[in-house]
Protein chains: 2
Amino acid sequence: MIIKSNIKRLLQYRICLGKFKELGFTRVYSYNLGNAAGVSPEQVRKDFSTYGITGNKKAGYEISSLLEILNRLFGMDKTHNIIIVGMGNMGRALANYNERFITQHVYIYAAFDMDPSKHNKTSGMPVFPLSKIPDIVSKNDITTAIISVPAIAAQEVCNLLIDVGIKGILNFAPIVLKVPDHVVINHLNLSTEIDAIIYYLNEKLDTR
Amino acid sequence: MIIKSNIKRLLQYRICLGKFKELGFTRVYSYNLGNAAGVSPEQVRKDFSTYGITGNKKAGYEISSLLEILNRLFGMDKTHNIIIVGMGNMGRALANYNERFITQHVYIYAAFDMDPSKHNKTSGMPVFPLSKIPDIVSKNDITTAIISVPAIAAQEVCNLLIDVGIKGILNFAPIVLKVPDHVVINHLNLSTEIDAIIYYLNEKLDTR
DNA sequence: CATTTTATGTTACTGTTTTCACAATAACTC
DNA sequence: GAGTTATTGTGAAAACAGTAACATAAAATG
Ligand SMILES: NC(=O)c1ccc[n+]([C@@H]2O[C@H](COP(=O)([O-])OP(=O)(O)OC[C@H]3O[C@@H](n4cnc5c(N)ncnc54)[C@H](O)[C@@H]3O)[C@@H](O)[C@H]2O)c1
Ligand SMILES: NC(=O)c1ccc[n+]([C@@H]2O[C@H](COP(=O)([O-])OP(=O)(O)OC[C@H]3O[C@@H](n4cnc5c(N)ncnc54)[C@H](O)[C@@H]3O)[C@@H](O)[C@H]2O)c1
């Protein structure tokens, strides 16, 4: 599953709208939103059009009602509990960010690690052994998980998660995980993100 | 700047080829690579074709020479020194990953933070105040930086980096940074990555 | 209240990416 | 070494995404 850019843009519009609202604005134009989100005003209107979102001729969009529509579109009427497997450097960084994730209606409900020395509560949420996964996932209707274990263990952890009913996965391990069709998987390879930047820098030099 | 998916795929092929090599293989077919990288064999061949990379009819691709070509394409004949600004949770996680980044020819040479309590060497590389940025960047030919400061400070840090000659930025702060055309910027919003997964899960339920 | 202004919403266009199909050809078989 | 097989390489087709143009309509103006 590759996440479409229009979905990412709509989520970005939502974040920008929140900031506009905080600043006391009540209406925005496609031009303002595009500027804040780094896209053209036409792109903003096109994205809204695709999802049947309409504003007012000449008067732009009312921020509160636009936010309501986007919040409904993204199921943000409630907070989505998720779990993390792998409480190493990346897992801890994410765990410590929990109070900010909740502003996007995401909450890390529990974490899991194979290393018993990680089993404690210092990161805000409990850290359990992997044997607790089935119980916690099923008892709390959890459908989404973050994998931040070493690449060597990622497929095994992934399989386990799918077995217990996880349907959406954000994977930080630098390996392409094999999942059944019904599972939504989002691969995030930070090394690659940096390498790609460096590639474009060199390319610009070459074609000068 | 939006990073094209063919570049990300080529980088992924490179990683997969490395694993094949470790496992003792000397040749691969487009089918093997596609399978490992999660794409179709046609996509693999097309990507190679786009960059003038050729293999052998019936005998596939020789791993070592393919790796050489990709390493050259991505400037991996040398290690690229980069810096991080913001040594909080995310910055530290990245810093601790330095010995792994170097396998992708990326090395975090120095880190910067406005908070004096972060100025030490416990994370492997030195952590300096921001006033040291111009000196370190220019003396070490550094062109790429990671921003992991709070959103409120990100644009200011970004401007400073561009002023001292940084040309490529990976930004973790949940804000769309304004940069001149010649700067390559890669926005990575982790909240959005999770929200997008949740969106697709709900969408699948809706259209069931 | 007629006219002008200005921003939306959509259609048509343009460009890009992916998939498909198959000719070309190197390796293998007998 | 002729015939068969398997895999590449690419051009054409299809699908997708982004840009541009403009008709439409609400608001502002006077
Ligand atoms: N830290 C980074 O900045 C960074 C950057 C790029 C990629 N990554 C990737 O993210 C993943 C996590 O990175 P990290 O730096 O946090 O690694 P880490 O080694 O610090 O942490 C890994 C954690 O996973 C746990 N673990 C190992 N095997 C497990 C298993 N089978 N089940 C459950 N837990 C297990 C370990 O106990 C450890 O706590 C890795 O795949 C890494 O390649 C991290
Ligand atoms: N930690 C996560 O998992 C996570 C998830 C999503 C997004 N992010 C984003 O990544 C960024 C960093 O997150 P974090 O969790 O590491 O935050 P953090 O608060 O732990 O760390 C921020 C660091 O930046 C430093 N800083 C603040 N202002 C600065 C300035 N002007 N110049 C230099 N340094 C400055 C602080 O001293 C601190 O060390 C934030 O923008 C955050 O929204 C983080």
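Reading the values: rules and limits
- Residues numbered from 1 in each chain as written.
- Chains lettered and ligands numbered in written order.
- Predicted model: local features only at pLDDT ≥ 70, side-chain atom pairs only at ≥ 80, totals over all residues.
- Heavy atoms only, no water.
- Near = heavy atom within 4 Å.
- Polar contact = N/O pair within 3.5 Å; in protein donor to acceptor, adjacent residues only side chain to side chain.
- Areas by Shrake-Rupley, 256 points an atom, 1.4 Å probe, with all protein chains shown as cover.
- Helix = DSSP H or I, 4+ residues; strand = E, 2+ residues; numbered from the N terminus.
- Axes fitted to C-alpha atoms, helices over the stretch in contact; angles between N-to-C directions.
- Parallel < 35°, antiparallel > 145°, perpendicular 65-115°, else oblique.
- Contact = heavy atoms within 4.5 Å.
- Nonpolar A, V, L, I, M, F, W, Y, C, P; charged D, E, K, R; others polar.
- Pairing = 2+ DSSP bridges.
- Buried area = accessible area lost by both parts, 1.4 Å probe.
- Salt bridge = Lys/Arg side-chain N within 4 Å of Asp/Glu carboxyl O.

What to know about the site of ligand 2
Close contacts around ligand 2 come from 25 residues, with Y97(A), M90(B), D113(B), K118(B) and V149(B) the closest. Here D113(B) contributes a side-chain N or O atom positioned 2.5 Å from an oxygen atom of ligand 2. Between ligand 2 and the protein, one listed contact pairs an oxygen atom with a backbone N or O atom of V149(B) at 2.6 Å. Relative to its unbound accessible area of 820 Å², ligand 2 is 87% covered by the protein chains. Elements represented by at least two residues in the shell around ligand 2 include exactly α5 (89-96) of chain A together with α5 (89-96) and α8 (151-163) of chain B.

Focus on the packing of helix α1 (residues 5-22) of chain B against helix α2 (residues 30-37) of chain B
All names here are of chain B. At their nearest, the axes of α1 and α2 sit 9 Å apart, and the two run at 110° to each other. Relative to α2, the element α1 is oriented roughly perpendicular. Here Q12, Y13, C16, L17 and F20 of α1 come into contact with α2, specifically with N32, L33, A36 and A37. Residues that form the contact of α1 with α2 fall into these classes: seven nonpolar, two polar and no charged.

Quick word on the sheet that holds strand β5 (residues 127-128) of chain B
All names here are of chain B. The six strands are arranged β5-β4-β3-β6-β7-β8 in an open sheet whose pairing can be described as parallel. Each edge of the sheet is formed by a strand with only one pairing partner; in this case those strands are β5 and β8 (184-187). With six bridges joining them, strand β3 (residues 80-85) and strand β4 (residues 106-112) adopt parallel strand pairing. Counterpart to I84 in the pairing with β4 is A111. Along the sheet, α5 makes contact with β3, β4 and β6 (144-147), crossing β3 at roughly 155°. Strands in contact with α8 are β3, β6 and β7 (168-171); relative to β6, the strand with the most contacts, it is inclined by about 170°.

Points about the protein's contact with DNA strand C
Surveying the vicinity of DNA strand C reveals 22 residues, the closest of which are S30(A), R45(A), G55(A), K57(A) and Y61(A). Sugar and phosphate atoms form 61% of the subset of DNA strand C atoms that lie within 4 Å of the protein. In this structure, a base nitrogen belonging to DNA strand C sits 2.8 Å away from a side-chain N or O atom of R45(A). S49(A) is positioned with one of its side-chain polar atoms (N or O) 3.3 Å from a phosphate oxygen of DNA strand C. Sorting the residues of the surface near DNA strand C by element identifies α3 (41-50) of chain A together with α1 and α3 (41-50) of chain B as the ones contributing at least two each. By residue class, the composition of the surface near DNA strand C is three nonpolar, nine polar and ten charged.

Some remarks on the site of ligand 1
Looking at ligand 1, there are 25 residues lining it, with M90(A), D113(A), K118(A), V149(A) and Y97(B) nearest. A distance of 3.3 Å is found between a nitrogen atom of ligand 1 and a backbone nitrogen or oxygen belonging to M114(A). The fraction of the free accessible surface of ligand 1 (820 Å²) that becomes covered by protein chains is 87%. When residues of the shell around ligand 1 are traced back to their parent elements, those giving at least two are α5 and α8 (151-163) of chain A together with α5 of chain B. No other element matches α8(A), which puts three residues into the shell around ligand 1. Each residue belonging to the shell around ligand 1 can be placed in one class, and the counts come to 18 nonpolar, four polar and three charged.

What about the protein's contact with DNA strand D?
Around DNA strand D sit 19 residues, and of these S30(B), R45(B), G55(B), K57(B) and Y61(B) come closest. Sugar plus phosphate: this is where 61% of the atoms of DNA strand D within 4 Å of the protein reside. One of the side-chain nitrogen or oxygen atoms of K46(A) is found 2.9 Å away from a base oxygen of DNA strand D. When contributions to the surface near DNA strand D are tallied by element, the ones reaching two or more residues are α3 of chain A together with α3 of chain B. Classifying every residue of the surface near DNA strand D gives two nonpolar, seven polar and ten charged.

Re the interface of chain A and chain B
Every contact between the two is made by 63 residues of chain A and, on the other side, 63 residues of chain B. Carbon and sulfur atoms make up 68% of the surface buried where chain A meets chain B, a total of about 5300 Å² over both sides. Counting the surface chain A buries against chain B, the share from its top three residues, I197(A), Y199(A) and Y200(A), is 12%. There are two salt bridges connecting chain A and chain B. Close ionic contact of K8(B) with E193(A) constitutes a salt bridge, the shortest N to O distance being 2.7 Å. Joining chain A to chain B, the criterion identifies twelve residue pairs in polar contact (both at pLDDT 80 or more). Within the residue set of the side of chain A that touches chain B, elements represented by two or more residues are α1 (5-22), α2 (30-37), β3 (80-85), α5, β6 (144-147), β7 (168-171), β8 (184-187) and α9 (190-206) of chain A.

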